[in-house]
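Structural description and commentary
Chain by chain, the residues run as shown.
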Amino acid sequence: MTVLKELRPVMPILIGASLMLSLGMGVRQSFGLVMPSLTRDIALTVSDFALAMSVQNLAWGFLQPVAGAVAVRMGFRPVMMAGSALYIAGLALFSMADGMMGVMLGGGILVGMALACTASAISLAVGSRAVSGPLRSFVLGAITATGSLGALLAAPLGQTLTADIGWRAGIVGFLVLVVGMLPAAWIAGRVDKLPLPPTTATQIGNVSARTALAAASRSLPFLVMTTAYFVCGMQLLFITTHLPSYLAICGMDPSLGAEALGAIALFNVFGSLFFGWAGGRWSRLALLGGIYIARSIVLAAYFFFPPTPLSTLVFASIMGFLWLGVGPLVAGSVAEMFGVRWQAMIQGVAFMSHQVGSFLGAFGGGLIFDAMGSYDLAWRLGVAMGLVAGIVQVSFALLGPPPKPATA
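Residues numbered from 1 in each chain as written. Predicted model: local features only at pLDDT ≥ 70, side-chain atom pairs only at ≥ 80, totals over all residues. Heavy atoms only, no water.

1. Considering the overall build of the chain
Along the chain, the regular secondary structure elements total 19 helices and zero strands. Taken over C-alpha atoms, the radius of gyration comes to 20 Å for the chain, in line with the 22 Å a tight globule of 408 residues would show. Along the first, second and third principal axes, the C-alpha set of the chain runs to 55 × 45 × 40 Å. Looking at the chain as a whole, 60% of its 408 residues qualify as buried. Counting only contacts in the chain whose residues sit at least 6 apart along the sequence, the fraction spanning at least 24 positions is 87%. Here the chain displays about 15,400 Å² of accessible surface, and carbon together with sulfur accounts for 73% of that area. Taking the average location of the 19 positive side-chain charges in the chain and that of its 11 negative ones, the two points are 21 Å from each other. (Helix = DSSP H or I, 4+ residues; strand = E, 2+ residues; numbered from the N terminus. Rg over C-alpha atoms; globule rule 2.2 N^0.38 Å. Buried < 20%, exposed > 50% of the residue type's maximum accessible area, 1.4 Å probe, protein only. Contact = heavy atoms within 4.5 Å. Areas by Shrake-Rupley, 256 points an atom, 1.4 Å probe, with all protein chains shown as cover. Lys, Arg positive; Asp, Glu negative; His and termini not counted. Charge placed at Lys NZ, Arg CZ, Asp CG, Glu CD.)

Given below as structure tokens:
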């Protein structure tokens, strides 16, 4: 009853943040579905498309700390509304692209800028601000879980429109979905009226952005988490960008790519809820390392054998369970280490590392395929790096030094 009493007044904020995240991430995760027909139609290579998606991730990553800092100064609502408008503009330009410039500017740069203002770092910071510490981990898991449902709508819609009408229609379908981000962002922006929760002795209070960044740069647990987060981005973007192409090369039905992305989205709901719950009970940093190790094992098992429809859906389901569970764990770790005032900015710094890894996963995978005619080297590198990152993360979480005060 106490939980319901606390959640009831902030439920519109949490729903708005979840819907904004769901639509934005669902559409973005489905871009790979239009790659085969788009590259044929306007004479681009796989690596050209991968480069545009990689630039999207770099723009998203490098602007994420900026968006978080602006949200502290101006409020979350202006940042989220601007991001939603940028997303609509980016998809409109993307749908009219006749060459690399349109794909890069629309689907790459503008969508990347939009995600920096609307995606996980911002939406989870909104959730952290809205609830108290005991409920935070579960709420962050719930936002991440509902935020993954957008792919269940975006993936089949994009696949159907692309197959029946063409890739431009698929992107227009994405654009229609993204319009719904505007009212969601407005409602989630009510969080600006809520007071900040009190900070502990090890967290950051009312300090400048420079002081907050300096505190993060001196935190060894944060630096280890941020470095491992790099490998997380590399693995995930390799899969979302190249799995549909890999299945097409192997002669699978084109609809299997959309089904796989849908399975990832569905099982991500269960994984996000589980890891949000688990993060309130066990070491978040150790759980992160466990996710990276498990992902690497599953990735190796799938790509070692020729794909079948069954193996692909099983792979997608397991990966989906392990997919965005890192979101509530990273966000909860940052809030616990530093407090919620500068959470969006500091989490954005960690996410910047994630997006550099995403760049290498998407673009590097395309380069390796163009050079070697297969994805073998790409997935082997992803597995090896994931195992190393996971083992280091778990070892530090279990054996590392206790946290020190965040401020000097």
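2. With respect to the packing of helix H15 (residues 284-304) against helix H19 (residues 376-399)
In contact at an axis separation of 7 Å, H15 and H19 are set at 160° when each is read in the N-to-C sense. Relative to H19, the element H15 lies roughly antiparallel. Considering how the two elements wind past one another, H15 and H19 form a crossing that is left-handed. Taken together, the residues that form the contact of H15 with H19 break down as 17 nonpolar, seven polar and no charged. (Axes fitted to C-alpha atoms, helices over the stretch in contact; angles between N-to-C directions. Parallel < 35°, antiparallel > 145°, perpendicular 65-115°, else oblique. Left-handed = near helix turned anticlockwise from the far one by under 90°. Nonpolar A, V, L, I, M, F, W, Y, C, P; charged D, E, K, R; others polar.)

3. Regarding H19
Under the 1.5 Å per step criterion, the end-to-end length of H19 is 35 Å for 24 residues, consistent within 8% with the ideal 34 Å. For H19, every residue scored as buried is listed here: Ala378, Trp379, Gly382, Val383, Gly386, Ala389, Gly390, Gln393 and Phe396. Against the buried residues of H19 lie helix H13 (220-249), H15 and helix H18 (343-372). (Expected span 1.5 Å × (residues − 1).)

4. Quick look at H18
The end-to-end C-alpha distance of H18 is 42 Å, a good match for the 44 Å that 30 residues give at a rise of 1.5 Å each. The largest bend in H18 amounts to roughly 30° and is located at valine 349. Of all 30 residues in H18, 22 are buried, a share of seventy percent or more. Glycine 373 sits one or two residues past H18 and shows a positive phi near 75°. (Bend = angle between axes of the 7 residues up to and from the residue.)

5. Section: the pattern of salt bridges
Under the counting rule described, the total for this entry stands at one salt bridge. The partner of arginine 168 in a salt bridge is aspartate 98, and the shortest N-O contact between them spans 3.1 Å. You can see arginine 168 sitting in helix H10 (residues 167-179) and its partner aspartate 98 sitting in the loop between helix H5 (76-95) and helix H6 (100-118), a full 70 residues away along the chain. Note on arginine 168: relative accessible area 27%, which makes it partly exposed. Classification of aspartate 98 by relative accessible area gives exposed; the value is 64%. (Salt bridge = Lys/Arg side-chain N within 4 Å of Asp/Glu carboxyl O.)

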